[in-house]
Amino acid sequence: MRQSSLAVVAAIGATANAANSTSSTLASVCTVSNVQAALPANGTLLGIDLIPSAVTAAALYNVTSGGMGTSSTTTTYCNVTVTYTHTGKGDTVVLKLAFPQPSDFENRFYVAGGGGFSLSSDATGGLSYGAVGAATSAGYDAFDYSYDEVVLYGNGSINWDATYMFGYQALGEMTQVSKAITPAFYGLSSDTKIYTYYEGCSDGGREGMSQVQRFGEEYDGAITGAPAFRYAQQQVHHVFSSMVEQTLDYYPPPCELDKIVNATIAACDPLDGRTDGVVSRTDLCMLNFNLSSIIGESYYCAAETSSSLGFGFSKRQAEGSTTSTTPVQNGTVSAEGVAVAQAIYDGLHNSDGERAYLSWQIASELGDAATTYDNTTDSYVLSIPSTGGEYITKFVQLVELDNLSDLNNVTYDTLVEWMNIAFVRYYDSLQTTVPDLSTFQQSGGKLLHYHGESDPSVPSASSVHYWQSVRSIMYPNSTAEDSLEALQDWYQLYLVPGAAHCGTNTLQPGPYPEDNMAIMIDWVENGVKPSRLNATVSSGTYKGETQMLCQWPTRPLWSGNSSTFDCVTDQASIDSWTYTFPAFKVPVY
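Described below are features of the structure shown in this document.

Quick notes on the rules
- Residues numbered from 1 in each chain as written.
- Predicted model: local features only at pLDDT ≥ 70, side-chain atom pairs only at ≥ 80, totals over all residues.
- Heavy atoms only, no water.
- Pairing = 2+ DSSP bridges.
- Helix = DSSP H or I, 4+ residues; strand = E, 2+ residues; numbered from the N terminus.
- Axes fitted to C-alpha atoms, helices over the stretch in contact; angles between N-to-C directions.
- Parallel < 35°, antiparallel > 145°, perpendicular 65-115°, else oblique.
- Left-handed = near helix turned anticlockwise from the far one by under 90°.
- Contact = heavy atoms within 4.5 Å.
- Nonpolar A, V, L, I, M, F, W, Y, C, P; charged D, E, K, R; others polar.
- Buried < 20%, exposed > 50% of the residue type's maximum accessible area, 1.4 Å probe, protein only.
- Disulfide = S-S within 2.5 Å.

### Considerations on the sheet that holds strand β20 (residues 533–537)
In sheet architecture, strand pairing relies on hydrogen bonds along the backbone and comes in two forms, parallel and antiparallel.
Phase 1: Reading across the sheet, the three strands line up as β19-β20-β21 and stay open at both edges, with antiparallel pairing between neighbours. At either end of the open sheet lies a strand with only one pairing partner, and these are β19 (511–512) and β21 (546–549).
Phase 2: Note: β20 against β21, four bridges, orientation antiparallel. Each bridged residue has a counterpart across the sheet, and for N534 the counterpart in β21 is M548.

Now the structure itself:
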């Protein structure tokens with residue numbers, strides 16, 4: 001977040017801060033006895049028994065901290081740990097809390113999302129907003145272990161406690177406990193309004209959706225970026241690109257796929273009305289561009305040494321992966337290479353031609369399809385992303401393996417079956433696609449949902465599909481116009497042109513939103529509802545340019561050499577983002 005945005009946040013909270021300010025000092029409130037006195041009596045929060053003897057508290061001065069998207073700042077706060085157990089269970093959950101010094105507190109509580117299979121372990125993200133922050137061990141020592149490390153007790157035995165805690169329960173309980181403690185910690189009345197915010201991207205986005213869906217009454221505002229929800233389909237989908245390559249028996253050199261993507265970007269860039277290196281309208285690209293036109297174009301990549309796998313919710317390095325030397329890649333785009341790319345963009349279908357899932361937008365990088373050079377055979381070979389492979393081994397097959405060793409005897413139907421097994425098994429824990437958000441909406445909650453349009457990890461159409469599901473479930477009898485107006489009053493979705501997964505895109509120098517928390521605070525606390533989302537171009541010819549992103553379902557369209565674009569309604573484009581999944585017997589929200 002830019003400095004100007006921090007100033008806006010400070011200004012927004014000035015009135016609340018003045019009302020809260022007392023003669024209290026950090027030293028006077030940051031004591032074990034004060035925290036113990038602030039704990040709610042056991043029985044107040046059903047199923048949660050706090051352990052006063054385990055409380056710790058220490059004042060920390062001039063510590064560097066920063067929230068999601070903010071630059072680091074120096075803060076002074078009270079570092080607290082609180083421990084609780086679930087009634088009758090004998091487990092232990094540790095919370096880390098960061099309380100701003102009394103003069104900085106602005107009646108806010110902030111929850112930060114994690115990433116990959118990890119919840120956030122940093123409680124300080126809210127300090128720059130004058131907010132108390134927290135992090136949770138989730139009962140499985142999430143400060144030191146990621147969820148995928150503990151999901152199985154052993155082969156065939158699921159750790160359901162950890163699954164539900166990671167899925168949604170840990171963050172919800174953390175928020176309830178923290179909000180119960182906060183007013184008393186500062187000497188405020190128990191009915192003092194504590195504005196509660198969530199912010200996260202990737203699995204952090206999924207975690208945010210879990211809170212909106214399951215603990216909607218606890219949150220005033222949630223910012224969810226590129227949520228990795230619809231877990232069963234999303235995670236198995238990471239193996240889809242490898243399945244395409246094996247099915248078509250063609251393993252393209254990485255440079256060939258890079259050429260296909262870059263040539264697509266160049267061809268589709270002007271379709272949005274402005275040639276700036278950004279495909280702002282992947283829908284127009286899908287409707288008007290034929291990948292086969294790239295066949296025969298030359299590509300060249302220098303020799304390099306690289307890791308066999310990547311990181312996070314794209315390819316990540318698994319234990320035992322190796323590095324290899326890739327020779328010079330020099331050739332022309334083949335029909336086989338284009339067929340692989342087209343099949344990946346088209347998405348997974350079963351053998352009856354029924355769609356099972358959506359896929360990445362055309363012009364998105366094809367990272368999951370990256371092959372590995374085999375020095376012994378002088379050829380490119382399959383490289384299964386461990387992000388998907390590990391999910392299949394541990395969550396579907398229930399064996400303690402970090403990846404699939406191969407795809408022998410696997411077909412598209414097998415992928416659909418794996419999706420369905422996980423869909424049913426984790427429907428009420430990890431799927432995180434409950435479309436009825438009535439509790440959140442009726443409590444006055446605001447949801448700011450954004451997604452990079454060229455995300456190569458979590459398809460941006462995934463977010464559109466969820467938005468469509470919420471609209472249809474919550475406003476089934478309203479006209480299209482009325483349901484849109486009602487939904488946008490509290491739930492807004494923005495696609496970020498050219499952006500990748502939770503950040504800018506090295507292939508497309510487009511904008512990225514930087515002021516989300518300032519916008520959300522203004523919406524929640526001052527009633528200033530956004531109609532477009534502020535974003536800044538961080539590289540390329542238009543570096544520093546501010547763009548006001550279009551709210552879905554409108555789409556950007558530049559005219560002439562204007563420095564701004566219009567937000568237009570294009571039904572054909574909207575239809576290209578709309579999917580059904582007949583390969584499954586139950587609705588996929």
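There is more to say, and it comes next.
### Notes on the packing of helix α9 (residues 240–248) against helix α12 (residues 335–346)
Phase 1: Viewed as axis vectors pointing N to C, α9 and α12 meet at an angle of 140°, and their least axial separation amounts to 10 Å. Between α9 and α12, the angle falls in the class oblique. Taken as a pair, α9 and α12 cross one another with a handedness that is right-handed. Judged by residue contacts, F240, S241, V244, E245 and L248 of α9 engage A339, V340, A343 and I344 from α12.
Phase 2: Residue composition of the contact of α9 with α12, grouped by class: seven nonpolar, one polar and one charged.

### So, the pairing of strand β5 (residues 108–112)
Phase 1: In terms of burial, β5 is a largely internal element, five of the five residues being buried.
Phase 2: Covered by surrounding structure in β5 are R108, Y110 and A112 together with F109 and V111, the residues of both alternating faces.
Phase 3: The pairing of β5 with strand β6 (residues 131–136) spans three bridges and is classified as parallel. Residue pairing across strands places Y110 opposite G133, the latter belonging to β6.

### With respect to the state of the cysteines
Phase 1: One pass over the full model with this rule turns up five disulfides.
Phase 2: Between C30 and C78 runs a disulfide, and the two sulfur atoms are separated by 2.0 Å. Measuring the twist about the S-S bond at about 80°, one finds the C30-C78 disulfide to be right-handed. With a gap of 48 residues between them, C30 in the loop between α3 (26–29) and α4 (32–38) and C78 in strand β3 (residues 73–86) connect regions that are remote in the sequence. Each member of the pair, C30 as well as C78, carries the same accessibility label: buried.
Phase 3: With a sulfur-sulfur separation of 2.1 Å, C255 is cross-linked through a disulfide to C301. Given an S-S torsion of about 80°, the disulfide between C255 and C301 has right-handed geometry. Taken as a pair, C255 in helix α10 (residues 254–268) and C301 in strand β11 (residues 298–301) lie far apart in primary sequence, 46 residues in all.
Phase 4: Look at C255 and you get buried, because its relative accessible area is 3%.

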